[in-house]
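Architecture at a glance
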Amino acid sequence: MTKQLTTQNATITTAAVEVKTLTISGKQVTLAVFRQLREQPLIAQDGTLNGEPWGFVNYHPDKCGDDRFAHVHIVWQRGPELLRARVDRNPNFEPGGRRRYQNGQYLKVEAVEPFRSRDTDRFLIGSVLEWLCGEAAECPLPQKDANRWKAQHDDYATFDSGHGFIVLAKASAAALEAANTHTRADVALAALAKRQGERPADPGEAMRWEWQSLEGLQVEADTAVAEARAARDALIAEVTEWGVDLAGIREAHGQLVEAEAARRERHRAARRALAELPQLFIAV
C-alpha cells in the first residue's frame, strides 16, 4: 500500500555529491506518490509565497513538459500539508507568460500587460472633467474625428505608469458624452467666428463663406454650447457621487499604480528566489 506523503514522514536527504532526494519513511519517493500531492498555487496573486518551498522536481505529472510555457514543478509546505505547484518562469503580465482565456485555453502573453482598475477609470473621468473646467490644456481622451458633425473621442486612454507598464482606463458614458459635446461646441463656435469675420480672399473660401447663413450658424453654436453645458453638468453630478474630490482621485490613482508596480516586482523576486531551489530527486 502506497504511503501518504506528509510533512511528518517526508524528508530531504543529501548525498555526498549534494544530490537531494525526497524520501518518505527513509525510502525515496516515487512518481506515483508525487502525483498524489495536491496541486495548489505557491505564489499568491499579490506575489507573496503561500508557504515554504522545498525544491523542484524534474518531472511533469500532467505531461506538460513539452508545452510552450517554461515552468517547473515545486514541492512546498503549508502548515502540516505537503503540496506541489506549477510555477511559470514568466508571470502572466510579462511576455512569455500565459493567461487563461475562454474554454480553459491558454495564450502566450506577447507584450507587457496593461493595468486597469476602477480607480484608473475614475482618474481618467476626473481628468476629462478637469479639461472641461479649463484646468487642463488637452482632453485625455484620444480624438477620432474632428468633423464638427462627427466629433468623437475614444472611450479608452492610456497613461505611462513610470514602471514599465501602461495604465489602461475607460471613460464612463457621461465623460465620453461631455468630451464629444464640448468638442462639437468648439467647432461650432469656430465656424460662427469665421463667418462673423471678414470675407476670405480665396474664391473657394469666399463662396462657402457667403453660402453659410450667419443666423443658422448662430443657432447651431447656441445649441452645441447648451448641449455641452448639460453634458458637463451630468459629469459633475457623476463625479460628485463618488464623495471624493479630484485631488483625492489623483492620489488614489497614484497609490494604486505604485502598489501594482510593487506587486509585479514581488512576482519577479519570487521567481528569482525559486530558481535557486535545489532539485529533488524521486524514484522512477
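Summarised in this report is the structure supplied together with it. (Residues numbered from 1 in each chain as written. Predicted model: local features only at pLDDT ≥ 70, side-chain atom pairs only at ≥ 80, totals over all residues. Heavy atoms only, no water.)

Another aspect to go through is the overall build of the protein chain. Helix and strand counts for the protein chain come out as six helices and 13 strands. In the protein chain, buried positions account for 39% of the 284 residues. Put simply, 58% of the contacts in the protein chain that link residues at least 6 apart link residues at least 24 apart. Summed over all atoms, the accessible surface of the protein chain reaches about 16,300 Å², with 51% contributed by carbon and sulfur. (Helix = DSSP H or I, 4+ residues; strand = E, 2+ residues; numbered from the N terminus. Buried < 20%, exposed > 50% of the residue type's maximum accessible area, 1.4 Å probe, protein only. Contact = heavy atoms within 4.5 Å. Areas by Shrake-Rupley, 256 points an atom, 1.4 Å probe, with all protein chains shown as cover.)

With that settled, consider the packing of aromatic side chains. If you walk through the whole model with that rule in mind, you get two aromatic pairs. Ring centres of phenylalanine 34 and tyrosine 59 lie 6.0 Å apart, and the angle between their planes is 70°; on these two criteria the pair is classed as edge-to-face. Of the two residues, phenylalanine 34 sits in helix 1 (residues 31-36) while tyrosine 59 sits in the loop between strand 4 (52-57) and strand 5 (71-78), which places them 25 residues apart along the sequence. One exposure class covers both phenylalanine 34 and tyrosine 59, and it is buried. Summarising the aromatic geometry, the rings of phenylalanine 123 and phenylalanine 159 are spaced 5.0 Å apart at their centres and angled 65° between planes, so their arrangement reads as edge-to-face. Residue phenylalanine 123 is located in helix 2 (residues 118-132), and its partner phenylalanine 159 is located in strand 11 (residues 156-160); the two are separated by 36 residues in the primary sequence. In this structure, phenylalanine 123 and phenylalanine 159 share a single accessibility class: buried. Its guanidinium or amino end placed over the ring of phenylalanine 34, arginine 84 lies 5.7 Å from that ring's centre, counting from NZ or CZ. Cation over ring: arginine 98 sits above tyrosine 106, and NZ or CZ is 4.3 Å from the ring centre. (Phe/Tyr/Trp six-rings, centres within 6.5 Å; stacked < 30°, edge-to-face > 60°. Lys NZ or Arg CZ within 6 Å of the ring centre and 35° of its normal.)

As a further point, take the nonpolar core. Taken as a class, soluble globular proteins show a tendency for nonpolar side chains to be buried jointly. Counting 28 residues, the largest nonpolar core has Leu124, Val128, Leu141, Leu235 and Val239 as the members making the most contacts within it. Of all the elements in the fold, those that place two or more residues in this core are helix 2, strand 11, strand 12 (166-170), helix 3 (173-196), helix 5 (214-241) and helix 6 (246-274). Ranked by residues supplied to this core, first place goes to helix 2 with seven residues. For leucine 235, the contacting residues outside a window of four places in its chain are Ile125, Val128, Leu129, Leu132, Ser172, Ala174, Ala175 and Ala178. Formed by 14 residues, the second largest nonpolar core is a distinct cluster that contains Ile24, Val29, Val33 and Val75. (Core = buried A, V, L, I, M, F, W, Y, C linked by side-chain atoms within 4.5 Å.)

With that out of the way, let us pick up the pairing of strand 5. The pairing of strand 4 with strand 5 spans five bridges and is antiparallel. Bridge pairing links phenylalanine 56 to isoleucine 74 in strand 5. Summarising the sheet, strand 5 and strand 6 (residues 81-88) pair through eight bridges and their orientation is antiparallel. Residue pairing for strand 6: histidine 71 is matched across the bridge by aspartate 88. (Pairing = 2+ DSSP bridges.)

The three strands lie next to each other as 4-5-6, forming an open sheet whose pairing is antiparallel. Each edge of the open sheet is held by one strand with a lone partner, namely strand 4 and strand 6. For this sheet, the mean inter-axis angle between neighbouring strands, taken without regard to orientation, is 30°. (Axes fitted to C-alpha atoms, helices over the stretch in contact; angles between N-to-C directions.)

Side chains that carry opposite charge are capable of pairing whenever their charged atoms lie near each other. Under the definition given, this model contains 14 salt bridges. A salt bridge links arginine 84 to glutamate 39; the shortest N-O distance between them is 3.6 Å. In this pair, arginine 84 is assigned in strand 6 and glutamate 39 in the loop between helix 1 and strand 4, connecting sequence segments 45 residues apart. On the basis of relative accessibility, which here comes to 36%, the residue glutamate 39 falls in the partly exposed class. Put simply, arginine 272 and glutamate 265 hold a salt bridge, and the shortest N to O gap is 2.8 Å. On the accessibility criterion, arginine 272 (49% relative accessible area) is partly exposed. Note on glutamate 265: relative accessible area 35%, which makes it partly exposed. Put simply, Glu94, Glu265, Arg268 and Arg272 are held in one network by salt bridges that share partners. (Salt bridge = Lys/Arg side-chain N within 4 Å of Asp/Glu carboxyl O.)

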